[in-house]
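Secondary and tertiary structure notes
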Amino acid sequence: MIQHLVHGLSALASPTTILLLVVGMLIGMLVGMLPGLGVVLVLSLMLPFVRHLSVVTAIAMMLATQAGSYFSASITAILLNTPGSPESFPTTLDGFPMAQRGEAGRALAISATSTLLGGLIACVALIGLLQVAGPIAALFHPPEYVTIIILALVLIAQTGVIPLSKVLLSGAIGLMLSFVGSDPVSGVERFTFGLPTLFSGIGIVPFSLGVFAVTQMVSMFGTNRAVTSFDRGALGGEFGGQVRRGVSDTFRLWYHVARSAVLAVLLGLVPGIGGFTANFISYGFGQQVSKNRKDFGTGVPEGLIAAEGSSLAKEVGSLIPAVALGLPSGLGMVIFLAALTILGLEPGPTLLTSTPSLPYTMMWVMAVAGTLSCVVGLLLAPRLSRITAVRGPLMFPFIVALAVLGSYANAVTMTGVVEVVVFGVLGLFIRKLGYSVAAMAIGLVLGGTFDDNLHLTGTIYGWSFVTRSPLADVFIFISVALIVATAIRWRRNPASQRSGRLEHPVLEPVFDAALLVVSVAYVLVALGYPPAAGTVPAAVGAVAVAMSAFRLLSDGRTWWHSRMPIVEAVRSLSGSPLPGASLAGRTGSVPGTEFAGRGGAVGEVLLAEELTEQGTTEALEIPEDRRRVHLREFAGLAWTAAFALSAYLLGFEVGIPLVSAGYCMATRTFPTLPRRAVFAVATALVTGAIAVEFFQLFHFTYSGVL
Amino acid sequence: MTKTSQATNDQPEGRVSLTGRSRAGTTRRKGLRSRGVVMSALTAGALLSACGSSAAKSSSSSTASGSATTSGSSSAAASALSYFKGKTITLIAPDGPGGDYDLYARILAPAFGQYLGATVNVENVPGGGTVVGGNQIASAAPNGLTLGLFSVGGDEASVIENHPGQNFTLTKLSWIGQPGTSPSVFLTQPNSSVTSFAQLLTTKTPINVVDIRNGTGDMLDRVVLGAFKIPNKLLTGFTSVATLKQGFLAHDGQFLFENLPPFKALIQGNQAKPLLVTSPAVGVLSGLVSGVPTLSSELSKVSLSSAQQAAVKEAVSLATLAFDMGGPPGIPSARLTVLRDAFNSAVTNSATLAQAKKESEPIDPINGATVAADVAAAVSQGPSIATYLNG
């Protein structure tokens, strides 16, 4: 083994290999930072070149690209509440609140260091696990897949103060969205209403871009503020010191990194889903065993480490089923396997016997590229952190332009662009109303796997899985135990739940009712499909019906009980002057931020709640302020739609710079006209250049219907 | 179509199609796929009745293709060729990465794009056997920019079975060509007490067979095991070769019937034991299944009714109608001609052949006109497999 370990490292000692490793790592870091572009797209672009490279060089380039992307995907998650990839969502939960507190440098340093340390721990674990790869992967049968997805959802329900019913409803919505498109087993089209654009289903990329990037930008446009309200000049000087502090935090909390890394390696072994669920489960598990569990989600280093310690580690773990069995754990590994095949290698047990040092070469690539990306990340962190002091309206055109371009690049259809706008609107609602974006994302991404494996469980095992799948029983036991424990905890401490007041007294019951109607319609449509294609969607839809009905009753009752005191308060205060307290500068402190990653919106909502608790007089002014914010948010959504529409009509290369310039002039990004004009020209040039480069790089040809 | 000796290096012996598929410069082949009396009559009749003179056309396909290439200088062809320059073509592989469809698509894409001056992006659209990808190809705009590979045999079996989900008519699609095909293999677990296919003929206990729903594997499972009266419990629902492999390795089932190349590593790594192949493997694949009986040899050992034999042979013939490259109905004929020329160029390209050899995928091309004729013949013949598919 030592011999293979040494040989695996020495195989990298070629100038070309080292050069492409570094280039791959830098490309990975760049694309990881850009929401929507994604490492999978870039790996796909590399495939044609792979055949011209040697095996080791090609592996170095592709794996370094992946390794470089893991830390950088957390950069936008921390700075802008917009994960570079869906897997990085848990990073937003503590990373973004830290950035809001003005600790972006510290958060980035924690992320970079824990990603690297976790990856290195995983590399050590990999050496041992390579010997037992086959038996471990064989432990996972369809019932295990189904129950581990349920466990992931339950763990999410544990990690915040969102009511269980909302988490379940969010997860069910995600699953329901995932069933749109062709049934993977029978091929029957479901919920497409004959629209060919929906045959391939709803993509996770437009969903992520809409729910995260667009919603965050719209939210910041609404408040007209930066991520952090702390002084820009002072923060710039502090970021260097914060980076040192962040590195120190990670080493001080090394055991959190180790726990996440080990868990992630084990989850990475699960073919098909391990790669995606690892960060979620690591975060959830980290919270369960932490002494500071109540502070998770408010910007604590432990939370960030729990999420990021697994980031690279899960990919190292997923090398085992990919290489030893030819079974990928995530999309990146799928492309990597395709590359191996192009190179004439057959992923599987023979690869381990015919080229025993190759897996160790892969491990070294992960370790070296992970280290390099960590160093680059730490060097860049102080500069990157400054973005948190930039006002939302100034960032808006760039991020929205990237979101629109990324959604098009994902499937090279305008459908993705439409979806990103739709999910931007939906995202704003679900964040404001406190639904779990995490549960929804998991449902959407893993819905297909859930459906397939539930079907297979029924076909192969039936109810006998209870006696035939002990590992599934363990997952079920843990899930049930966690639900019971939560119920007991909530019963003992009702204060841990949300208050009995509705943040949006009218909107919440209306939204519940809308979900109920949609869910009932969904079930009815699902029942019209052949049983093999319709049973699982109907069952999930039934859960959504039950949960939305429960929410409607609960919120309706709360609204009814709280209605009278408010009316009386309004009456008693009528005619009184309203003092002009400001919300500005209060979002830096976000105690009790919910797991749902409500970001900028939650700052406003929680602040409103805090103010409400201070007295009725101030509470009365909040609707005024909210109304103004809401109007601006609607305007932000309208601008997003304008970006999409102009791209559709005029093509991306013309439409996007045109709307960018129009946005800058119309939205008073700067107080004086000359400065606004200069900003408009600069923005148009930059967004136009991005669009042109995008189209040239990917050979897109869309030029608009006009 | 121009065929070179390189292109036929890996041609399996006995590759004869339903239509007596003519290969450029080659003759009909013998062996399992040279049909029995019943099938030959069916085939010839079907071809003549359904396709009119298509057989004659296909037999001279080489000439036709050659002339197509020559006519590339004509203005229509030049215009059609220039249409593709600088464009992006999406080539849909109706399977996940690592499956045969994915491998063939990626092998063909570079040279195919090179001929057209276009960028060819391979997109994996797995599910429903190959139906989901097929639906997506068939519903695309008929501009030649969305193409893909079809499992004609699997799709036709799905039609015979009246299985819902398939939204296209095979005969209406625009056919471009078939790069080649490989035999299917019936595998069992390495530690299984079953050591031969013949042993299964006497078994009384149902065997657990796993497979992807729809597709050629599913069809072969139903027809072959049904005709040989092997009691079985067919556990379908896997959605791609990767998930099927995982299920097999996790012992969710004891047997499976699938195309050979994706399972090469499992056989080499002693994680799967081959019991039967549908036809002799050639090239690098032959060593994998040396000594493994073919379906025709097993057919000769047992006494099956003529209907049972016909069903087995029809299933095997349909299984060879795989990896056919096509596009949505209605691609303008000039563009279709250019696409067929690009295909012909790709399958004779030396880099393509080298890559195919590296990935153990046989290149044994059939031109688009012949594929179209084969499809028409397959659709119009009597479905002797219906008994087993619907039973």
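Only a predicted model underlies this, so the values are computations on that prediction, with no experimental measurement involved.

1. Details of the overall build of chain A
- Scanning chain A from N- to C-terminus turns up 29 helices and two strands.
- Relative to its 706 residues, chain A shows a buried fraction of 61%.
- The contacts of chain A with a sequence gap of at least 6 include a subset with a gap of at least 24, amounting to 80%.
- When the accessible area of chain A is evaluated, it comes to approximately 25400 Å², of which 71% is carbon and sulfur surface.

2. Details of the overall build of chain B
- Each helix and strand counted, chain B has 17 helices and 11 strands in total.
- Counting only residues that meet the buried cut, chain B has 63% of its 391 residues in that class.
- When contacts within chain B are restricted to residue pairs at least 6 apart in sequence, those whose partners lie at least 24 apart make up 79%.
- A total accessible area of about 12500 Å² is found for chain B, and carbon and sulfur atoms account for 54% of it.

3. Focus: the pattern of salt bridges
- Scanning the entire structure with this criterion turns up 16 salt bridges over all chains.
- The shortest N-O distance in the salt bridge between A:D555 and A:R551 comes to 2.8 Å. Of this pair, A:D555 and A:R551 both sit in helix 25 (residues 531-573), four residues apart, which is roughly one turn of that helix.
- The exposure class of A:D555 is buried, given its relative accessible area of 2%.
- A salt bridge links B:D218 to B:R213; its shortest N-O distance comes to 2.6 Å.
- Among the residues examined, B:D218 registers a relative accessible area of 2% and is labelled buried.
- Exposure remark for B:R213: the relative accessible area of 13% places this residue in the buried category.
- Through salt bridges with shared partners, a single ionic network connects A:R101, A:E103, A:R106, A:R245, A:D249 and A:R252.

4. Re the side chain of B:T278
- Relative to the helices and strands, B:T278 is located in the loop between strand 9 (273-277) and helix 12 (295-301).
- Of the polar contacts made by the side chain of B:T278, one reaches the backbone nitrogen of B:S184; its length is 2.9 Å.

5. Regarding the pairing of strand 1 (residues 88-93) of chain B
Residue and element names in this part refer to chain B.
- Strand 1 sits mainly inside the fold: six of its six residues count as buried.
- Alternating residues of strand 1 divide into T88, T90 and I92 and I89, L91 and A93, and every residue in both groups is buried.
- As paired elements, strand 1 and strand 2 (residues 119-124) share six bridges and run parallel to each other. Its bridge partner being in strand 2, T90 is matched across the sheet by N121.
- Relative to strand 3 (residues 146-151), strand 1 runs parallel, the two being bridged by three bridges. In the strand pairing of strand 3, T90 is matched with T146.

6. Digging into the environment of A:F698
Residue and element names in this part refer to chain A.
- Within the fold, F698 resides in helix 29 (residues 673-698).
- On the accessibility criterion, F698 (5% relative accessible area) is buried.
- Remark: the alpha-carbon pair of F698 and V412, spanning 286 residues in sequence, is separated by 9.6 Å.

7. Some details on the side chain of B:T320
- For B:T320, the position within the fold is in helix 13 (residues 306-320).
- Within polar-contact distance, the side chain of B:T320 engages the backbone oxygen of B:S317 at 2.5 Å.

8. What about the interface of chain A and chain B?
- Contacts between the two partners involve 44 residues from chain A, matched on the other side by 44 residues from chain B.
- For the pair chain A and chain B, the summed buried area comes to about 3400 Å², and 59% of that belongs to carbon and sulfur atoms.
- Together, A:R51, A:E346 and A:I460 form the three largest contributors to the area buried by chain A at its contact with chain B, with a combined 15%.
- Taken together, chain A and chain B are joined by zero salt bridges.
- Summed over the shared surface of chain A and chain B, the number is eight residue pairs in polar contact (both at pLDDT 80 or more).
- When contributions to the side of chain A that touches chain B are tallied by element, the ones reaching two or more residues are helix 8 (142-158), helix 16 (331-342), helix 17 (349-354) and helix 21 (437-461) of chain A.

9. A look at empty space enclosed by the protein
Residue and element names in this part refer to chain B.
- Following the criterion strictly, the structure yields 11 cavities of 30 Å³ or more and no others.
- Of the voids in this model, the largest cavity is the one considered here, and its volume is about 190 Å³.
- Mapped onto the lining of the largest cavity, the elements with two or more residues apiece are helix 5 (100-116), helix 9 (215-227), strand 8 (255-259) and strand 10 (322-327).
- For the lining of the largest cavity, the element with the highest residue contribution is helix 9, accounting for three residues.
- Broken down by class, the residue content of the lining of the largest cavity amounts to seven nonpolar, eight polar and three charged.

10. What about the environment of A:A109?
Residues and elements named next belong to chain A.
- Its place among the elements puts A109 in helix 6 (residues 104-129).
- The spacing of A109 and L380 is 271 residues in sequence and 9.7 Å in space, taken between C-alpha atoms.
- Apart from the residues lying within four places of it in its own chain, the contact partners of A109 are V243, G246, V247, T250 and L378.

11. As for a nonpolar patch on the surface
Residue and element names in this part refer to chain A.
- Together, L645, Y648, L650, V654, L658, V705 and L706 make up an exposed nonpolar region whose accessible area comes to about 680 Å².
- If you list the elements that add at least two residues to the nonpolar patch, you get helix 27 (616-650) and helix 28 (652-666).
- For the nonpolar patch, the element with the most residues is helix 27, which contributes three residues.
- Looking at the element boundaries, V654 is found in helix 28.
- Judged by its relative accessible area of 46%, V654 falls in the partly exposed class.

12. Observations concerning the packing of helix 4 (residues 55-80) of chain A against helix 5 (residues 89-100) of chain A
Residues and elements named next belong to chain A.
- Where helix 4 contacts helix 5, the axes come no closer than 6 Å and their chain directions differ by 50°. For the element pair helix 4 / helix 5, the angle class is oblique. Pair helix 4 / helix 5 crosses with right-handed handedness. Between helix 4 and helix 5, the contacting residues are S74, A77, I78, L79 and L80 on the first element and T91, T92, G95, F96 and A99 on the second.

13. Some thoughts on the nonpolar core
- Membership of the largest hydrophobic core comes to 195 residues, with the highest contact counts inside it found for A:M62, A:L319, A:F336, A:M362, A:F396 and A:F652.
- With 15 residues, the single largest contributor to this core is helix 4 of chain A.
- Ignoring any residue separated from it by four or fewer positions in sequence, one finds A:F396 in contact with A:M217, A:V218, A:F221, A:G636, A:W639, A:T640, A:F643 and A:Y663.
- Formed by 49 residues, the second largest nonpolar core is a distinct cluster that contains B:A138, B:I160, B:F255 and B:V312.

The rules behind the values
- Each chain carries its own residue numbering, running from 1 in the written order of its sequence.
- Just so you know, chain letters begin at A and ligand numbers begin at 1, following the order they were written in.
- pLDDT decides what is reported in this predicted model: residues at 70 or higher carry local features, side-chain atom pairs at 80 or more are listed and counted, and totals for whole chains, interfaces and linings draw on all residues regardless.
- Heavy atoms throughout the structure, all of them, feed into the side-chain values; hydrogens and water do not.
- Helix numbers and strand numbers start at the N terminus; a helix is a DSSP run of H or I with at least 4 residues, a strand a run of E with at least 2.
- Burial here depends on accessible area, computed with a 1.4 Å probe over protein chains only, as a share of the maximum for the residue type. Under 20% is buried, over 50% is exposed, and the range in between is partly exposed.
- Only heavy atoms enter the contact rule, under which two residues are in contact if any of them lie within 4.5 Å.
- Areas reported here follow the Shrake-Rupley algorithm with a probe of radius 1.4 Å; residue values treat only the protein chains shown as occluding.
- A pair is scored as a salt bridge if a Lys or Arg side-chain nitrogen falls within 4 Å of a carboxyl oxygen belonging to Asp or Glu.
- In protein, a polar contact means a hydrogen-donor-capable atom and an acceptor-capable atom, both N or O and within 3.5 Å, with residues adjacent in sequence counting only if both atoms are side-chain atoms; elsewhere, any N or O pair within 3.5 Å suffices.
- Two strands are said to pair when DSSP picks up at least two bridges between them.
- Put simply, buried area is how much 1.4 Å-probe accessible surface two parts lose in total, over both of them, once they are put together.
- The method works on a 1 Å grid over the protein atoms by themselves. A cavity is a set of points holding a 1.4 Å probe that cannot get out, a pocket is an open set with protein on both sides within 12 Å along at least five of seven lines, and residues with an atom within 4 Å of a point line them.
- Grid points are joined across faces, edges and corners, and a volume is the space filled by probe spheres set on the points.
- We call Asp, Glu, Lys and Arg charged. Ala, Val, Leu, Ile, Met, Phe, Trp, Tyr, Cys and Pro are nonpolar, and the rest, Gly among them, are polar.
- Surface patches are drawn from residues lacking salt bridges whose relative accessible area is over 30%; two like charges belong together within 9 Å, two nonpolar side chains (Val, Leu, Ile, Met, Phe, Trp, Tyr) within 5 Å.
- Helix axes use the C-alpha atoms of the stretch in contact, all axes being lines fitted to C-alpha atoms, and the angles between their N-to-C directions lie in the range 0 to 180 degrees.
- Just so you know how the angles are binned, under 35 degrees is roughly parallel, over 145 roughly antiparallel, 65 to 115 roughly perpendicular, and the rest oblique.
- Handedness of each helix crossing follows the sense of rotation of the near helix against the far helix: counterclockwise by less than a right angle gives left-handed, clockwise gives right-handed.
- The criterion is simple. A nonpolar core is a set of buried Ala, Val, Leu, Ile, Met, Phe, Trp, Tyr and Cys residues joined through side-chain atoms within 4.5 Å.

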